[in-house]
Amino acid sequence: MRGQLNKPFLCLMDITPIIDPLNSAQRQAVTHSDGNLLVLAGAGSGKTRVLVHRIAWLSQVEGLAPHQILAVTFTNKAAREMRERVYQLLGQAPRSMWVGTFHGLAHRLLKMHWRDAGLSENFQVMDADDQLRVIKRVYANLGLDTDRWPPRQAQWFINAQKDEGLRPRHVQVDDLFTGTMRQVYEAYESHCQQVGVVDFAELLLRAHELWLNHPDLLAHYRQRFRHLLVDEFQDTNAIQYAWLRMLAGDEARVTAVGDDDQSIYGWRGARIENIHQFGQDFSPVETVKLEQNYRSTATILQAANAVIAQNNARLGKDLWTQSEDGDVISLYAGFNELDEARFVATRIQGWVEAGHARGEVAVLYRSNAQSRVLEEALLRQQIPYRIYGGHRFYERAEIKNALAYLRLLVNRHDDTAIERVINVPTRGIGEKTLQRLRESAREHNESLWHVAQYAQDILPGRAANAVQGFVAMIDTLAQTTGDFDLWQTAEQVIGGTGLLDFHAREKGERGQTRVENLAELVNACRAYIPEDEAQPVLPQFLDAAALDGGERQADADEDAVQMMTLHSAKGLEFPLVFMVGVEENLFPHKMSVEEPGRLEEERRLCYVGITRAMQKLYLTFAESRQLHGVESYNPVSRFVRDIPSHLIEEVRLASSVSRPTSMGATGVSAQGGEPPPFGLGQRVLHGVFGEGVVLNFEGSGPHARVQVNFDAEGAKWLVLQYAKLQPV
DNA sequence: AAGTTCCGAGTTTTT
DNA sequence: CTCGGAACTT
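Everything numeric here is computed off the predicted structure, so don't read it as measured data.

Parameters at a glance
- Residues numbered from 1 in each chain as written.
- Chains lettered and ligands numbered in written order.
- Predicted model: local features only at pLDDT ≥ 70, side-chain atom pairs only at ≥ 80, totals over all residues.
- Heavy atoms only, no water.
- Axes fitted to C-alpha atoms, helices over the stretch in contact; angles between N-to-C directions.
- Helix = DSSP H or I, 4+ residues; strand = E, 2+ residues; numbered from the N terminus.
- Parallel < 35°, antiparallel > 145°, perpendicular 65-115°, else oblique.
- Left-handed = near helix turned anticlockwise from the far one by under 90°.
- Contact = heavy atoms within 4.5 Å.
- Nonpolar A, V, L, I, M, F, W, Y, C, P; charged D, E, K, R; others polar.
- Domains from an automatic or database assignment.
- Buried area = accessible area lost by both parts, 1.4 Å probe.
- Salt bridge = Lys/Arg side-chain N within 4 Å of Asp/Glu carboxyl O.
- 1 Å grid on protein atoms, 1.4 Å probe; cavity = no way out; pocket = protein on both sides within 12 Å on 5 of 7 lines; lining within 4 Å.
- Points joined across faces, edges and corners; volume = space filled by probe spheres on them.
- Buried < 20%, exposed > 50% of the residue type's maximum accessible area, 1.4 Å probe, protein only.

Caption draft 1: Geometry of the packing of helix α7 (residues 102–112) against helix α13 (residues 238–248). It is the contact of α7 with α13, at a shortest axis distance of 12 Å, that shows an interaxial angle of 55°. When the axis of α7 is compared with that of α13, the two are oblique. Where α7 crosses over α13, the handedness of that crossing is left-handed. Touching F102, H103, L105 and L109 of α7 are Q240, W243 and L244, all from α13. Grouping the constituent residues of the contact of α7 with α13 by class yields five nonpolar, two polar and no charged.

As structure tokens, this is what we get:
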């Protein structure tokens, strides 16, 4: 098979299907030979197509065997899609090709070389939720104050260090904070090591260290992989970049594809600079820009270009299209968020009545909190919708409980799993008992499971019986399910542990959905196809569940409006897009406006949002909005002002009363609230600070505050009641 | 040990 | 406002 691919393919292959469907820039990227390649791929410019065709080109024209190619992405979805499309193009499954996410590939390496990586054979991957629990456990052991040092902060700190490739010993301590965090990091690490669990960032760090510490292994993989391809390169963090660079060595060639204008994950360690660094570290690098957009109308594209043009430090691309101008962009100023949502629902209704599919519509928002009002509006109009993000299937409590039991069947010493379910359903093992077990475990340097065996010796009668009951139950389960199929095992576990009854007894609709979810888990087990037939199925399933959040396919068939955050919309496209809440303080988010760098990331997010739209784009905002329980008044987003006015048209519902609106200075009345006494943008006089311009309002009644940009003193928030402002 | 109430915080998220 | 966790009660 391998020999076959290497030689005769060169002359036998018909390369027309590989290069024919490409424009000249795409073709240049696909057929580039010698050295490394950086593809700067604008939104909708056929990035995935280039990657897929390049893989085909490498294997069929340059004669690389599938096993010599490694392609890495960020999401499982992207990895699946790439694999699928390569298959379609080549007509054969690229089985020996490594295609996966950074984490997936790292996991694969660690599974293969667990001993060299210093791990136990059946180490488990834990998600962010588990990680936080472990950190809290560590806090308790260290006697740290959770009020002074929030565990979430420690989690963030630890992940940030790992993303930078830093172990506790590398952490430079220069104040009490870093000192404490380093201490937590250290204790956390040793706990994970002892228990045999690995967090997401650890996968990458370990995989990197594996090669660092075992040059022989590195040499092996360097010899194997002749070509590396990286998708979404602008999203790589330091450790991912280091991993790639190490694997590439001096020999392998690298194709990196990315778009600096779509870098929106800086806040979680992604380094946009890696794109610049690539040119230096992987020299010589040829750069190809894909600038023709096949997705959007000219109007939408112009708007996107105008917004992103405000950013500095771009690599610079000029996206263009052959498409028609198309519809103008519509801007709607709602009275409040309810009005905004109603408008969106009405327009979607119109779209559907015009004969279009609901699935062609996306509603994009900056933060998840905005989704509820929109949901309610869609519900009222009976428009089916689907929300992306939020809790993913394998992150739901009931599913995680079931998985924890399954994990225990694989590894009894998985303390994280025991802690999770030893008293779920409640079986009389409370905090006190658990505390005793923990102490004993720590004292003997053993797992919770181990000390639970000796419950009789360390616990009072009733508690000891409860713990023994738990131990016996797990053992019995393991026995009965010994030669069960995966789904039978899952079913047995869900029933046998009392989990099903427990959730069924929960009051309200919640219990109902949880039971349904558990049934769904059994279905997922039925449908699961193990990667390696020769290995036990359960551990593989658990790894897959941990590494793939498990986007639910269940109701994917229904034709539904798609709702998601701007972040999760990256990579998708829709004929009709609503970008809602385009208001200052919401988008750009108020946490991001201070620092120029973060503001630029917000702007890129806006760029991503606009470029999702193919035919028609709506921008909506609310002149008054209930935020954290208080009424706030935000002016339209600065990003909207960046769009040339001839591309935008302001719309209103036929039924709306006329009122002063949006783009310029606005005095707005909120339904049920007190109208702000000054218009935004109005000049006012203050007894002490002098003259200024009204920028913003927040709250109502005695708490109402107003932000004024004083000519002499700059922007200040003032309590309206005391400020005694005079209109000028 | 389990259930209830109160308090405070509150971008974005994949793996 | 709405969720989650801590403190409090039963």
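Caption draft 2: Focus on unusual backbone geometry. The amide bond that connects V424 to the next residue, P425, takes the cis arrangement and shows omega of 0°. Structurally, P425 is set in the loop between α19 (415–421) and α20 (431–444). Cis rather than trans, the peptide bond between F587 and P588 has omega equal to 5°. By the element assignment, P588 lies in the loop between β13 (574–579) and α29 (596–610). Even without a glycine there, the phi angle at N585 is positive, about 80°. Of note, N585 is situated in the loop between β13 and α29. With phi around 55°, H628 is a residue other than glycine that occupies positive phi space. One can find H628 in the loop between β14 (613–627) and β15 (630–633).

Caption draft 3: Region of the structure containing the domain arrangement of chain A. Partitioning chain A into domains gives domain 1 (2–113 + 205–292), domain 2 (124–195), domain 3 (300–391 + 556–651), domain 4 (393–549) and domain 5 (654–728). Summarising the inter-unit geometry, the C-alpha centres of domain 1 and domain 2 are found 33 Å apart. Contacts between the two partners involve ten residues from domain 1 and, on the opposite side, ten residues from domain 2. Of the roughly 750 Å² buried between domain 1 and domain 2, counting both surfaces, carbon and sulfur atoms make up 39%. Taken together, domain 1 and domain 2 are joined by two salt bridges. Note that E164 and R271 form a salt bridge whose closest N and O atoms lie 2.5 Å from each other. Sorting the residues of the side of domain 1 that touches domain 2 by element identifies α11 (200–213) and α13 as the ones contributing at least two each. With three residues, the top contributor of residues to the side of domain 1 that touches domain 2 is α11. Split into classes, the residues belonging to the side of domain 1 that touches domain 2 amount to four nonpolar, two polar and four charged.

Caption draft 4: Quick peek at the environment of S568. Within the secondary structure layout, S568 lies in helix α28 (residues 566–569). Between the alpha carbons of S568 and R420 there is a distance of 30 Å; along the sequence they are 148 residues apart.

Caption draft 5: Broad picture of empty space enclosed by the protein. Overall, the coordinates contain six cavities of 30 Å³ or more when judged by the stated rule. In this model, the largest cavity occupies a volume close to 60 Å³. Along the walls of the largest cavity sit K162, E189, C192, Q193, V197, V198, D199, E202 and R206, which together make up its complete lining. With three residues, the single largest contributor to the lining of the largest cavity is helix α10 (residues 176–195). Of the residues assigned to the lining of the largest cavity, the class counts are three nonpolar, one polar and five charged.

Caption draft 6: Fine view of the pattern of salt bridges. Going through the model one piece at a time under the given rule, you end up with 45 salt bridges. Where D548 meets R80, a salt bridge forms, and the shortest distance between an N and an O atom there is 3.2 Å. Of this pair, D548 sits in the loop between α27 (537–547) and β12 (561–565) while R80 sits in helix α6 (residues 76–90); the two residues are 468 residues apart in sequence, bridging distant segments of the chain. Under the relative-accessibility criterion, R80 is labelled partly exposed at 46%. Here R133 and D129 are joined by a salt bridge, their closest N and O atoms 3.9 Å apart. A residue pair is termed a helical-turn pair when its members lie 3 or 4 positions apart in one helix, as R133 and D129 do in helix α8 (residues 128–142) at four residues. Judged by its relative accessible area of 38%, D129 is partly exposed. Connected through salt bridges with shared partners, the residues D127, D129, D130, R133, K400, R407, D414 and R420 form a single ionic network.

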